[in-house]
Amino acid sequence: MNNRLTRIGFMSAVLAIVLLPVYWLVSTSLKSNREITQEGTLYPHVPTLDNYIRLFTEKQFGAYLTNSLVVTFFSVTIALIGGALGAYAIARFRLPFMMERKVGLFLLTLRIVPPVVILIPVYLLMLKLGLLDSWLGLIATYTAFNITFCVWMMESFFREIPVDLEEAAMVDGDSRFGAFRRITLPLAAPGLAATAIFAVLVTFNEFLFALALTATPRAMTMPRGTATLIGRIDTDWASMSAAGVIGALPIVVFALLVQRHLVRGLTMGAVK
């Protein structure tokens, strides 16, 4: 009985620590700036939705959120398609000098290079191509970063799927690509979901390249647009909190939709 009470108390304390920032963000988004900066209340005495309304009527947050959703969707989708094909090729085919065993590590090494190191070359490339301050420039940049991670992540999933299943399909008259599309890809769906969640999180929350490559609301993403609420003299804390709440909702919804595959995907070899 004592052990059970101890576990319950420990889990309650952990849950309180985890949920405290969420509560503070939501409660702050319902306060006025006066209540935040001068009164310092623990909860909104006079809850208001004005901060949310002001975001979409005065701060152009609708454009920022739309940009983030469009850029994230296309960049992650392209990276998943290219990453799945590349990971399958590495997992199933022999490369010269046994490079199939080293390609994944090489791609991961490229991915963990600090983004600030290549920020200027990427900026100059986008400037030369005329893709600054555009969806296409952000999509191309994020896809290039995500595809290396997707290949490394999904390689282990494809290695765990028996080759015999594909060979049986090809014996029955299916092509290699047909066996991949009808047999291997559905079996790797949990791994694709786990990879997609990590890629979406990284892309949706990315700030550095969005800061360098965008300058107007037509292409600014949600993190970049939220930064415009920070002024030289004053910071609109209430609107920033409301932006944080709205920005978190798409990630929460996406995670809820794919959570059934996430746990299974993480146990299939995604975490190496």
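Residues numbered from 1 in each chain as written. Predicted model: local features only at pLDDT ≥ 70, side-chain atom pairs only at ≥ 80, totals over all residues. Heavy atoms only, no water.

Under an unreviewed UniProt entry, the protein chain has the name ABC-type sugar transport system, permease component and belongs to Mesorhizobium australicum. Recorded in UniProt for the protein chain, the comment headed Sequence similarities (unreviewed entry) runs: "Belongs to the binding-protein-dependent transport system permease family." As recorded by UniProt, the Subcellular location (unreviewed entry) comment attached to the protein chain reads in full: "Cell membrane". (UniProt positions renumbered as here; feature names shortened; annotations may be inferred.)

Asks: Would you take a moment to explain the packing of helix H7 (residues 135–160) against helix H10 (residues 189–204) for this structure?
Replies: For any two helices packed against each other, the geometry is given by the interaxial angle and the distance between the axes. Their axes nearest at 10 Å, the elements H7 and H10 cross at an angle of 155°. Between H7 and H10, the interaxial angle falls into the category roughly antiparallel. Between H7 and H10 the crossing geometry is right-handed. Contacts between H7 and H10 involve Tyr142, Asn146, Phe149, Cys150, Met153, Met154 and Phe157 from the former and Gly191, Leu192, Ala194, Thr195, Phe198, Ala199, Val202 and Thr203 from the latter. For the contact of H7 with H10, a count of residues per class yields 11 nonpolar, 4 polar and no charged. (Axes fitted to C-alpha atoms, helices over the stretch in contact; angles between N-to-C directions. Helix = DSSP H or I, 4+ residues; strand = E, 2+ residues; numbered from the N terminus. Parallel < 35°, antiparallel > 145°, perpendicular 65-115°, else oblique. Left-handed = near helix turned anticlockwise from the far one by under 90°. Contact = heavy atoms within 4.5 Å. Nonpolar A, V, L, I, M, F, W, Y, C, P; charged D, E, K, R; others polar.)

Asks: Hey, could you run me through the packing of aromatic side chains in this one?
Replies: Aromatic ring pairs are reported here in terms of the distance separating the ring centres and the angle at which the planes meet. What the rule picks out here adds up to 10 aromatic pairs. Judged by centre distance (5.2 Å) and plane angle (85°), the ring pair of Phe73 and Phe74 falls under edge-to-face. For Phe73, a relative accessible area of 52% gives the class exposed. Under the relative-accessibility criterion, Phe74 is labelled partly exposed at 41%. On the basis of an interplanar angle of 50° and a centroid distance of 4.6 Å, the ring pair of Tyr88 and Phe180 is categorised as tilted. Of the two residues, Tyr88 is situated in helix H4 (residues 61–92) and Phe180 in helix H9 (residues 176–187); the sequence distance between them amounts to 92 residues. On the accessibility criterion, Tyr88 (6% relative accessible area) is buried. Chaining the aromatic ring pairs together yields one cluster made of Tyr88, Phe158, Phe177 and Phe180. Against the face of Trp24 rests Lys31, its NZ or CZ located 4.6 Å from the ring centre. (Phe/Tyr/Trp six-rings, centres within 6.5 Å; stacked < 30°, edge-to-face > 60°. Buried < 20%, exposed > 50% of the residue type's maximum accessible area, 1.4 Å probe, protein only. Lys NZ or Arg CZ within 6 Å of the ring centre and 35° of its normal.)

Asks: Mind showing me how you'd approach the confidence of the model for the protein chain here?
Replies: Keep in mind that low pLDDT regions are not for reading the predicted coordinates in detail. Per-chain confidence: the protein chain averages 84 in pLDDT, with 93% of residues scoring 70 or above. Within the protein chain, helix H6 (residues 119–129) carries the highest mean pLDDT (93), whereas helix H5 (residues 103–111) carries the lowest (72). (pLDDT = per-residue confidence, 0-100.)

Asks: Help me understand the layout of surface pockets in this model?
Replies: To find leftover empty space, one rolls a probe the size of a water molecule over the atoms. Space inside the largest pocket adds up to approximately 240 Å³. In this structure, the largest pocket is lined by Leu69, Thr72, Phe73, Val76, Thr77, Leu80, Ala196, Val200, Phe204, Pro250, Ile251 and Phe254. Contributions of two or more residues to the lining of the largest pocket are made by H4, H10 and helix H13 (237–270). It is H4 that provides the largest number of residues to the lining of the largest pocket, a total of 6 residues. Partitioned by chemical class, the residues of the lining of the largest pocket number 10 nonpolar, 2 polar and no charged. (1 Å grid on protein atoms, 1.4 Å probe; cavity = no way out; pocket = protein on both sides within 12 Å on 5 of 7 lines; lining within 4 Å. Points joined across faces, edges and corners; volume = space filled by probe spheres on them.)

Asks: Honestly, helix H3 (residues 50–57) in this entry has me stumped. Any pointers?
Replies: In an α-helix, one full turn covers 3.6 residues, which means residues spaced three or four apart are oriented alike. Buried within H3 are the following residues: Asn51, Tyr52, Arg54 and Leu55. Taken around the axis of H3, the buried residues stretch over an arc of 165°, which confines them to a single face. (Arc of directions from axis to C-beta.)

Asks: Help me out: how do you make sense of unusual backbone geometry in this one?
Replies: Trans is the common state for peptide bonds, and a negative phi is the common state for residues other than glycine. Phi at Gln60 is positive, roughly 60°, even though this residue is not glycine. Along the chain, the position of Gln60 falls in the loop between H3 and H4. Of note, the phi angle at Asp133 is positive, near 55°, even though the residue is not glycine.

Asks: Explain H9 to me, please; I cannot follow it from the model alone.
Replies: Given a rise of 1.5 Å per residue, 12 residues ought to cover 16 Å, and the 16 Å separating the end C-alpha atoms of H9 matches this to within 8%. Regarding H9, the residues found buried are Gly178, Ala179, Phe180 and Thr184. (Expected span 1.5 Å × (residues − 1).)

Asks: Teacher, can you tell me more about the nonpolar core here?
Replies: Nonpolar side chains tend toward joint burial in soluble globular proteins. In this structure, Leu55, Phe61, Met154 and Phe158 are the most contacted members of the largest nonpolar core, which totals 36 residues. Within the residue set of this core, elements represented by two or more residues are H3, H4, H7, H10 and H13. Take this core: its biggest share by element is 10 residues, from H4. With residues up to four places along the chain from it excluded, the contact list for Phe158 reads Ala84, Ala87, Tyr88, Ala91, Arg92, Phe180, Thr184, Leu185 and Ala188. Val122, Leu131, Leu138 and Tyr142 belong to the second-largest nonpolar core, a separate cluster that totals 12 residues. (Core = buried A, V, L, I, M, F, W, Y, C linked by side-chain atoms within 4.5 Å.)

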